[in-house]
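Descriptive structure summary
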Amino acid sequence: MKTQSENACFDGTQGVYTHASTACGCDMTFGLFLPAEAREGPVPLLWYLSGLTCTHENAMTKAGAQGWAAEHGIALVFPDTSPRGDDVADDEAYDLGKGAGFYVNATEKPWAPHYRMWDYIMDELPGVLGESFALDMDRQAITGHSMGGHGALTMAMSAPGRFTSASAFAPIANPCASDWGRKQLGAYLGNNEDAWSPHDATHLMRANGFGGPMLIDTGTSDQFLDLLKPEALAEAAAARRQQMTFRMQPGYDHSYFFISTFMEDHVAFHAEQLWA
């Protein structure tokens with residue numbers, strides 16, 4: 001693993017690191033914030049999965065999360081959203097290929113050799129983090145935005161006991177019924193829609209639910225509401241009687257201004273569970 005940078009941040013350290021990924025078959029970069037408490041021993045970890053077109057850097061520099069994480073003594077990891085490199089398949093559209101991995105293991109050409117973001121986030125990167133940093137990997141929570149909210153919710157509901165809590169900002173909540181989903185799941189996983197359901201938060205809510213608390217925030221002025229379909233997830237959660245706080249925030253859109261406004265709530269929500 002190579003250290004790209006380390007900067008003092010809220011009495012902790014904001015680092016950026018690159019490592020060779022077996023899952024993705026390329027070098028992958030991630031950001032990691034460690035609070036001051038990590039100098040004394042392992043601390044809990046909150047995952048932040050980013051959305052379309054993003055790298056590890058967007059939330060790391062725009063979400064305003066580090067100050068709140070420092071206040072609660074928890075670490076934050078900011079993974080990339082897709083494999084990278086000259087030999088990695090890409091597409092001219094912004095919502096497929098690099099920057100748009102959709103947190104699945106692709107089975108179709110030309111994506112299958114590198115687009116294995118599910119294995120990378122769920123298996124490989126946790127191993128790298130646990131071996132290299134002062135992190136308590138028995139205490140993890142997960143959040144994300146848009147495509148990353150989709151990833152956070154599907155991973156949380158697919159791994160019982162792995163995460164203490166799950167949240168999302170404007171998640172793609174029902175990709176099997178959305179143009180932000182059908183296009184990508186079809187490209188990465190093929191035309192058999194049965195293979196898509198394990199990557200749809202609404203379907204997983206109906207089938208599995210989540211064993212802990214959940215927090216969902218979406219703006220009423222989000223320009224992508226018809227693609228996100230928050231109402232589908234809310235209906236599925238209500239039918240299941242899932243422990244969930246679901247909020248439609250008046251006047252907010254899809255931007256990092258929205259995310260940074262409610263980041264304090266999300267970090268505090270997860271910290272309460274992580275330190276319980």
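The preceding data block contains the structure.
This is a predicted model, so every value here is computed, not measured.

Bringing the side chain of Ser 21 into the picture now. Within the element layout of this structure, Ser 21 appears in strand 2 (residues 12–21). The exposure class of Ser 21 is buried, given its relative accessible area of 6%. Ignoring any residue separated from it by four or fewer positions in sequence, one finds Ser 21 in contact with Cys 26, Met 28, Tyr 120 and Glu 124.

To continue, consider the packing of helix 2 (residues 65–72) against helix 9 (residues 256–274). Here helix 2 crosses helix 9 at 30°, and the two axes come no closer than 9 Å. Taken together, the axes of helix 2 and helix 9 are roughly parallel relative to one another. Helix-helix and strand crossings are classified by hand; for helix 2 and helix 9 the assignment is right-handed. Between helix 2, through Ala 65, Trp 68, Ala 69 and His 72, and helix 9, the contact on the second element is made entirely by Met 263, Glu 264, Val 267, Ala 268 and Ala 271.

Taken across its ten residues, strand 2 has eight buried, putting it largely inside the fold. Sheet topology note: the strand 1 (residues 2–9)/strand 2 ladder contains seven bridges and is antiparallel. Within the sheet, the bridge partner assigned to Asn 7 lies in strand 2 and is Gln 14. Taken together, the nine bridges between strand 2 and strand 3 (residues 26–34) define a ladder with antiparallel strand orientation. Of the residues in strand 3, the one forming a bridge with Ser 21 is Cys 26. Connecting strand 2 to the antiparallel partner strand 3 that follows it, the hairpin turn spans four residues, and Gly 25 within it adopts a positive phi of roughly 65°.

The tally for this structure, following the rule as stated, stands at twelve aromatic pairs. Here the aromatic rings of Tyr 252 and Phe 262 are separated by 5.0 Å at their centres, their planes lie at 70°, and the arrangement is edge-to-face. In this pair, Tyr 252 sits in the loop between strand 9 (244–249) and helix 9 while Phe 262 sits in helix 9, placing the two residues ten residues apart along the sequence. A residue is classified by how much of its surface remains accessible, and Phe 262, at 9% relative accessible area, is buried. One aromatic cluster is present, formed by Phe 169, Tyr 252, Phe 258 and Phe 262 through successive ring pairs.

For helix 5 (residues 179–189), the full list of buried residues reads Trp 180, Gly 181, Gln 184, Leu 185, Gly 186, Tyr 188 and Leu 189. Along its buried surface, helix 5 packs onto helix 7 (225–228). For helix 5, the N-terminal cap is Ser 178; the gap from its side-chain oxygen to the backbone nitrogen of Trp 180 is 3.0 Å. Backbone geometry just downstream of helix 5 places Gly 190 in the positive-phi region, at approximately 95°.

This part is about the pattern of salt bridges. For the structure on display, the rule yields eight salt bridges. In this structure, Arg 39 and Asp 11 form a salt bridge, with 3.6 Å as the shortest nitrogen-oxygen distance. Of this pair, Arg 39 sits in the loop between strand 3 and strand 4 (43–49) while Asp 11 sits in the loop between strand 1 and strand 2, and the two are 28 residues apart along the sequence. For the residue pair Arg 39 and Asp 11, the accessibility class agrees, reading exposed in each case.

Here we take up unusual backbone geometry. A cis amide bond, omega 0°, links Lys 109 with the succeeding residue Pro 110. Relative to the helices and strands, Pro 110 resides in the loop between strand 5 (75–79) and helix 3 (117–132). Of note in this structure, Phe 102 is not a glycine but carries a positive phi near 60°. Looking at the element boundaries, Phe 102 is found in the loop between strand 5 and helix 3. For Phe 102, a relative accessible area of 0% translates into the label buried. One non-glycine residue, Ser 146, lies in positive phi territory at about 60°. By relative accessible area, which is 3% here, Ser 146 ends up buried.

Conventions we followed
- Residues numbered from 1 in each chain as written.
- Predicted model: local features only at pLDDT ≥ 70, side-chain atom pairs only at ≥ 80, totals over all residues.
- Heavy atoms only, no water.
- Helix = DSSP H or I, 4+ residues; strand = E, 2+ residues; numbered from the N terminus.
- Buried < 20%, exposed > 50% of the residue type's maximum accessible area, 1.4 Å probe, protein only.
- Contact = heavy atoms within 4.5 Å.
- Axes fitted to C-alpha atoms, helices over the stretch in contact; angles between N-to-C directions.
- Parallel < 35°, antiparallel > 145°, perpendicular 65-115°, else oblique.
- Left-handed = near helix turned anticlockwise from the far one by under 90°.
- Pairing = 2+ DSSP bridges.
- Phe/Tyr/Trp six-rings, centres within 6.5 Å; stacked < 30°, edge-to-face > 60°.
- Polar contact = N/O pair within 3.5 Å; in protein donor to acceptor, adjacent residues only side chain to side chain.
- Salt bridge = Lys/Arg side-chain N within 4 Å of Asp/Glu carboxyl O.

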